[in-house]
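Secondary and tertiary structure notes
Single-letter residue listing:
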Amino acid sequence: KKGKKKKEKEMSVFTGISLAPEDPILGVVAAFNADPSPHKINLSAGTYRDDDGKPVVLNSVKKAERELIEKNEGHEYLPIEGLKKFREVAIELLLGENSKTIQEERVAVCQSISGTGAITVAAAFLQKFYSNHKILISNPTWSNHFNIMKDRQVEILFYRYFDEQTNSLNFNAMLEDINAAPNGSILLLHPCAHNPTGVDPTKEQWETIANICREKSFLPFFDCAYQGFASGDLERDGYAIRLFDSLGFEMIIAQSFAKNMGLYGERCGTISIICKDSNTTKLVFSQLKSIIRAIYSSPPAYCARIATAVLSQKELKDEWLQELKGMADRVKSMREALYNQLMAKGTPGKWDHIINQIGMFSYTGLKPHHVKFLVENCHIYLLANGRISMAGINSKNINYIAESIHIAVTTVQASL
């Protein structure tokens, strides 16, 4: 009896907690890091690399950082809603400098902890003020969309998005699913560089989606993580958001500067909600601040000051736009190089989807048994669904990657 009591005392109050499943992306990164092979290649992580495979700090960002050091603005807390000037230049980037919505003070903008923080705040807002409605999420999508909404108990429905036969947008299936959804649902959309597929609607298709949103009284929710990084053109990448804004929609926008400004670890972003009138906007703004206060209280100052300097000073902004286009163009060139090599080798299958997709990621169409071979035999790390980060490809490893894919597709069979 004494032994039993002692054992009970030694048991943790947390006994019974199960092991959380490993994040599919971070798990691949961990496996890559543990691999001792000098030839290993990481095509899983969503971070930009230069042609030498190295991380990049943009020159425009470096100059902004030097300015901050000279100004020595200290380390005081920002207001709950974030740095005022940053919020102003960030929303102008999304909606345009001459936006009627901004002029009429119909958008509530708060600084967020990058895109993940923005979506988390939005989910908390929806749970509190829009709880009777479901959220429609594309299948597939970025895994954290599901994680965050589930954690906040926002009911999730999926709409079909990707056609695995053609490696392109299954637009008819998408329309069928969103048309069948309950009126008033929240529709989560990727305005550009859909993650993970790299497949975006055309301008005409966006107009069709907008019409359905109007008919179904949907609340559009844009997760904007790649403006400018996708095509190298801020206007083109911002088309969908500006279209919906011009049509008078109330909507939610999560914005991140991780990819387009390379501020990954600085956690720089915004959460914006566009309303019908300025009075409603004030109420929404107050509630966003209340939610933020309870989650993280105050956003990071350093990244906001960097982004503000880059976006508000013409010389820095011009340089940033050139660097942004340079990143987008390098990714495009790697798409073309991989496609050309696979075609030259006569690799079975159609591969034009690689050059038709856009942004950091490509859904290659590689099957799990191909991926297993690439990881175990070639030390090339990618997700089990065949998604690769195009930014991980460069002129030094493209030959090896193309040859390895060719071998995988031509020799490896799925086990029965």
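Residues numbered from 1 in each chain as written. Predicted model: local features only at pLDDT ≥ 70, side-chain atom pairs only at ≥ 80, totals over all residues. Heavy atoms only, no water.

1. Some thoughts on the overall build of the protein chain
Helix and strand counts for the protein chain come out as 17 helices and 13 strands. Looking at the 416 residues of the protein chain, the share that counts as buried comes to 52%. For the protein chain, restricting intrachain contacts to residue pairs at least 6 apart in sequence, the fraction spanning at least 24 positions comes to 76%. Counting only carbon and sulfur atoms, one obtains 51% of the accessible surface of the protein chain, whose full area is about 20100 Å². (Helix = DSSP H or I, 4+ residues; strand = E, 2+ residues; numbered from the N terminus. Buried < 20%, exposed > 50% of the residue type's maximum accessible area, 1.4 Å probe, protein only. Contact = heavy atoms within 4.5 Å. Areas by Shrake-Rupley, 256 points an atom, 1.4 Å probe, with all protein chains shown as cover.)

2. Here's the deal with the pattern of salt bridges
Under the defined criterion, the tally for this structure stands at 18 salt bridges. Measuring nitrogen to oxygen at the nearest pair gives 2.5 Å for the salt bridge that ties Lys84 to Glu88. Separated by four residues within a single helix, Lys84 and Glu88 lie in helix α4 (residues 84-95), roughly one turn from each other. For Glu88, a relative accessible area of 32% corresponds to the partly exposed category. The salt bridge involving Asp177 is made with Arg160; its shortest N-O contact spans 2.9 Å. Within this pair, whereas Asp177 is found in helix α8 (residues 171-180), its partner Arg160 is found in strand β4 (residues 156-160), the two being separated by 17 residues in sequence. With a relative accessible area of 19%, Asp177 lands in the buried category. (Salt bridge = Lys/Arg side-chain N within 4 Å of Asp/Glu carboxyl O.)

3. With respect to the nonpolar core
Of all hydrophobic cores here, the largest spans 61 residues; its most connected members are Met261, Trp320, Leu338, Leu374, Ile393 and Ile405. Top element by residues in this core is helix α14 (residues 314-345). It accounts for nine residues. Grouped together as the second largest cluster of nonpolar side chains are 35 residues, Leu95, Met174, Phe218 and Met251 included. (Core = buried A, V, L, I, M, F, W, Y, C linked by side-chain atoms within 4.5 Å.)

4. As for the packing of aromatic side chains
Scanning all chains against the criterion turns up 13 aromatic pairs. Put simply, the rings of Tyr48, Tyr226, Phe229 and Phe361 touch in pairs and so form one group of aromatic residues. The ring of Phe249 has Arg214 lying over it, and the distance from NZ or CZ to the ring centre is 4.3 Å. Above the face of the Phe361 ring, Arg387 is positioned so that its terminal group lies 3.7 Å from the ring centre. (Phe/Tyr/Trp six-rings, centres within 6.5 Å; stacked < 30°, edge-to-face > 60°. Lys NZ or Arg CZ within 6 Å of the ring centre and 35° of its normal.)

5. A word on the environment of Ala210
Its location among the elements puts Ala210 in helix α9 (residues 203-216). Beyond its immediate sequence surroundings of up to four residues, Ala210 is in contact with Leu243, Phe244, Leu247 and Phe249.

6. A short note on the sheet that holds strand β9 (residues 251-256)
Pairing is mixed in the open sheet, where seven strands are placed in the order β2-β10-β9-β8-β7-β3-β4. Single-partner strands in this sheet number two, and they are β2 (107-113) and β4. Direction aside, the axes of adjacent strands within the sheet are offset by 20° on average. Summarising the sheet, strand β3 (residues 135-139) and strand β7 (residues 186-189) pair through two bridges and their orientation is parallel. Its bridge partner being in β7, Ile135 is matched across the sheet by Ile186. Helix-sheet contacts for helix α6 (residues 114-129) involve β2, β7, β8 (219-224), β9 and β10 (268-274), and the interaxial angle to β9 is about 155°. (Pairing = 2+ DSSP bridges. Axes fitted to C-alpha atoms, helices over the stretch in contact; angles between N-to-C directions.)

7. Quick look at unusual backbone geometry
Only a minority of non-glycine residues have a phi that is not negative, and only a minority of peptide bonds are not trans. In the segment running from Asn139 into Pro140, the intervening peptide bond is cis, with an omega of 10°. Mapped onto the secondary structure, Pro140 falls in the loop between β3 and α7 (143-151). Residue Pro196 is bonded to the preceding Asn195 through a cis peptide linkage, with omega at 20°. Among the secondary structure elements, Pro196 is positioned in the loop between β7 and α9. A positive phi angle is found at Asn72, which is not glycine, with a value near 50°.

8. Concerning a nonpolar patch on the surface
Taken together, the side chains of Val13, Phe14 and Ile17 define a hydrophobic patch exposed on the protein surface, amounting to about 400 Å² of accessible area. Here Phe14 lies in the loop between α1 (2-10) and α2 (24-34). Taking relative accessible area as the criterion, Phe14 reaches 58% and is therefore assigned exposed. (Patch = residues over 30% accessible without salt bridge, like charges linked within 9 Å, V, L, I, M, F, W, Y side chains within 5 Å.)

9. Observations concerning the pairing of β4
The pairing of β3 with β4 spans five bridges and is parallel. Within the sheet, the bridge partner assigned to Asn139 lies in β4 and is Arg160. Handedness of the crossover joining β3 and β4 through α7: right-handed. (Right-handed = clockwise from strand over helix to strand, strands pointing away.)

10. Comments concerning the packing of helix α16 (residues 368-378) against helix α17 (residues 398-411)
One can describe the packing of α16 onto α17 by two numbers: an axis separation of 9 Å at closest approach and a directional angle of 125°. Classified by the angle their axes make, α16 and α17 are oblique. Judged by the twist between their axes, the crossing of α16 over α17 is right-handed. Contacts between α16 and α17 involve His370, Phe373, Leu374 and Cys378 on the former and, on the latter, Tyr400, Ser404, Ile405, Ile407, Ala408 and Val409. Residues of the contact of α16 with α17, tallied by class, amount to eight nonpolar, two polar and no charged. (Parallel < 35°, antiparallel > 145°, perpendicular 65-115°, else oblique. Left-handed = near helix turned anticlockwise from the far one by under 90°. Nonpolar A, V, L, I, M, F, W, Y, C, P; charged D, E, K, R; others polar.)

11. Here we look at α9
For an α-helix, the turn length of 3.6 residues means that residues three or four places apart are oriented alike. Taking 1.5 Å of rise per residue, the 14 residues of α9 would be expected to cover 20 Å, and the 20 Å separating its terminal C-alpha atoms lies within 8% of that figure. Gln205, Trp206, Ile209, Ala210, Ile212, Cys213 and Lys216 are the residues of α9 that are buried. Along the long axis of α9, the arc covered by the buried residues comes to 160°, so they all point the same way. Facing away from the buried side of α9 by more than 90 degrees, the exposed set consists of Glu204 and Glu215. For α9, the secondary structure elements touched by its buried residues are β6 (168-169), α8, β7, β8 and α11 (239-246). Positive backbone phi, at 55°, marks Ser217, one or two positions downstream of α9. (Expected span 1.5 Å × (residues − 1). Arc of directions from axis to C-beta.)

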